[in-house]
Amino acid sequence: MSWVKFTKKGIYCVPGKFYLDPWLPVKHAVISHGHADHARWGMRHYLCQDATKPILLHRIGADISVESMPYGAQRTINGVAVSFHPAGHLIGSSQIRLEYKGEVWVFSGDYKVKDDFLSTPFEAVKCHTFITESTFGLPIYKWLEENELQQQLHNWVTLNKENNRTSVFLGYSLGKAQRLMKLLNGLDQMYVHSAIDNINNAIDSAGISLPPTQRLESDFNKKDLEGKIVILPPALLGSKMLKRLPNAATAICSGWMQVRGNRRWQSVDAGFAVSDHADWDGLLNAVKSTEAEKVYVTHGSKATFSKYLNEIGIEAEEIVTEFGEEDDTAKDETNQSSI
């Protein structure tokens, strides 16, 4: 009988008596990263990687009970050895390794195998059973190398400047925004929405340096922003604030832009396939590198991905979770501070 169960509250470690990224309130939650579909309000106690702790305190509440550990450190909980290993999804994101009586399970959370030179790169962890996401688990998804993506973004900003336009990127406040900051660093002055600035401050409190930005205040001077770079949460697309920016050229940054571009570009000027998840090859390489005997596939294109794994001889099974697409958990903050 398996000692890890898939329950209505989340993925449950039976001997350890804790859940992995539970979606309903529980006593003990081990958290992979700070996105709201993985780290939710209502747990009595949280355990996460060190860089994720200030993010949880900021997003869930300063009064929560939360402990943290560095990558690679090990804690034994009711006989189960627990450790965090880099997932490369965003700063502090982790795979969670569990070992009990010589058997090893690894829960991937969300992950990306290509190095973004910001988050700690993905680490392959060998295990008997691997629980993988499959957000972009279709062969059509193949990301550019980081330097190619960076050149695309730089070319677009340069073109905008030549046309006296302000380059406005729309990306999630946690993860995508910091990735864009890294990709655009040094090109020009960058302004970020308060929701992003607050996340940046939380990350900074963990001792992690981010590229320099300026907080976009409500009384901003339009003249100061002309030809500059502005990063906003996607919830502000179509907002009064966006309309106030001088001669704005807008771009959505998401992995979905690789195939959904034509539809979503109707209201923006550009779309860039910037994703914090693994593409098809990345998912396959990650699964193979674990050498797992059994793979459970969570959110995303799980039917296609698990079917393909079985076809190539890796036993795989779909499971139902309440993890989802990248969320804009800063929606409330953006609504409160819309200008």
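Our structure's up above, just so we're on the same page.
Residues numbered from 1 in each chain as written. Predicted model: local features only at pLDDT ≥ 70, side-chain atom pairs only at ≥ 80, totals over all residues. Heavy atoms only, no water.

Draft legend 1. Region of the structure containing the overall build of the protein chain. Summing up its helical and strand segments, the protein chain has ten helices and 19 strands in all. The globule rule puts the C-alpha radius of gyration for 339 residues at 20 Å, and the 20 Å found for the protein chain is close to it. Referenced to the eigenvectors of the C-alpha coordinate spread, the extents of the protein chain come out at roughly 65 × 45 × 30 Å. Looking at the protein chain as a whole, 56% of its 339 residues are labelled buried. Long-range contacts, defined as pairs at least 24 residues apart, comprise 60% of the intrachain contacts of the protein chain with a sequence gap of at least 6. As presented, the protein chain carries roughly 14200 Å² of accessible surface, and 46% of it is formed by carbon and sulfur atoms. (Helix = DSSP H or I, 4+ residues; strand = E, 2+ residues; numbered from the N terminus. Rg over C-alpha atoms; globule rule 2.2 N^0.38 Å. Buried < 20%, exposed > 50% of the residue type's maximum accessible area, 1.4 Å probe, protein only. Contact = heavy atoms within 4.5 Å. Areas by Shrake-Rupley, 256 points an atom, 1.4 Å probe, with all protein chains shown as cover.)

Draft legend 2. Here's a closer look at the packing of helix α3 (residues 176-184) against helix α4 (residues 194-205). Following both chains from N to C, one finds α3 and α4 inclined at 85°, their axes separated by 10 Å at the closest point. Accordingly, the angle class assigned to the pair α3 and α4 is roughly perpendicular. Along the contact surface, α3 presents Ala-177, Gln-178 and Met-181, while α4 presents Ile-196, Ile-199, Asn-200 and Ile-203. In terms of residue class, the contact of α3 with α4 is built from five nonpolar, two polar and no charged. (Axes fitted to C-alpha atoms, helices over the stretch in contact; angles between N-to-C directions. Parallel < 35°, antiparallel > 145°, perpendicular 65-115°, else oblique. Nonpolar A, V, L, I, M, F, W, Y, C, P; charged D, E, K, R; others polar.)

Draft legend 3. Representation of the nonpolar core. The biggest cluster of nonpolar side chains holds 29 residues, and the ones touching the most others in it are Trp-156, Phe-169, Leu-184, Ile-231 and Phe-272. Going through the elements one at a time, α2 (146-162), α3, β13 (190-192), α4, β15 (229-232), β16 (248-253) and β17 (270-272) are the ones with two or more residues in this core. Those residues in contact with Leu-184, other than ones at most four positions away along the chain, are Leu-153, His-154, Val-157, Phe-169, Met-190 and Ile-229. Counting residues in hydrophobic clusters, the runner-up holds 23 residues, among them Cys-13, Leu-20, Val-30 and Trp-105. (Core = buried A, V, L, I, M, F, W, Y, C linked by side-chain atoms within 4.5 Å.)

Draft legend 4. Region of the structure containing the sheet that holds strand β7 (residues 74-77). Strand order in the open sheet formed by seven strands is β7-β8-β9-β10-β11-β18-β19, with mixed pairing between adjacent strands. Edge positions in the sheet fall to β7 and β19 (315-318), since each of these pairs with one other strand and no more. Between one strand axis and the next, the sheet turns through 25° on average, direction left out of account. Across the sheet, helix α8 (residues 280-290) lies against β11 (129-134) and β18 (294-300), angled at about 175° from β11, the strand it touches most. With respect to the sheet, helix α9 (residues 302-311) is in contact with β11, β18 and β19, its orientation differing from that of β19 by roughly 165°. (Pairing = 2+ DSSP bridges.)

Draft legend 5. Local environment of α9. Restricting attention to buried positions, one finds in α9 the residues Phe-305, Ser-306 and Leu-309. The buried residues of α9 all sit within an arc of 95° when viewed along its axis, so they share a single face. For α9, the exposed residues set more than 90 degrees away from the buried face come down to Lys-307 and Glu-311. Positive backbone phi, approximately 95°, marks Gly-313, located one or two places after α9. (Arc of directions from axis to C-beta.)

Draft legend 6. Structural context of the state of the cysteines. The tally for this structure, following the rule as stated, stands at zero disulfides. Not engaged in a disulfide, the cysteine Cys-127 finds its nearest cysteine sulfur in Cys-13; these two sulfurs lie 14 Å apart. (Disulfide = S-S within 2.5 Å.)

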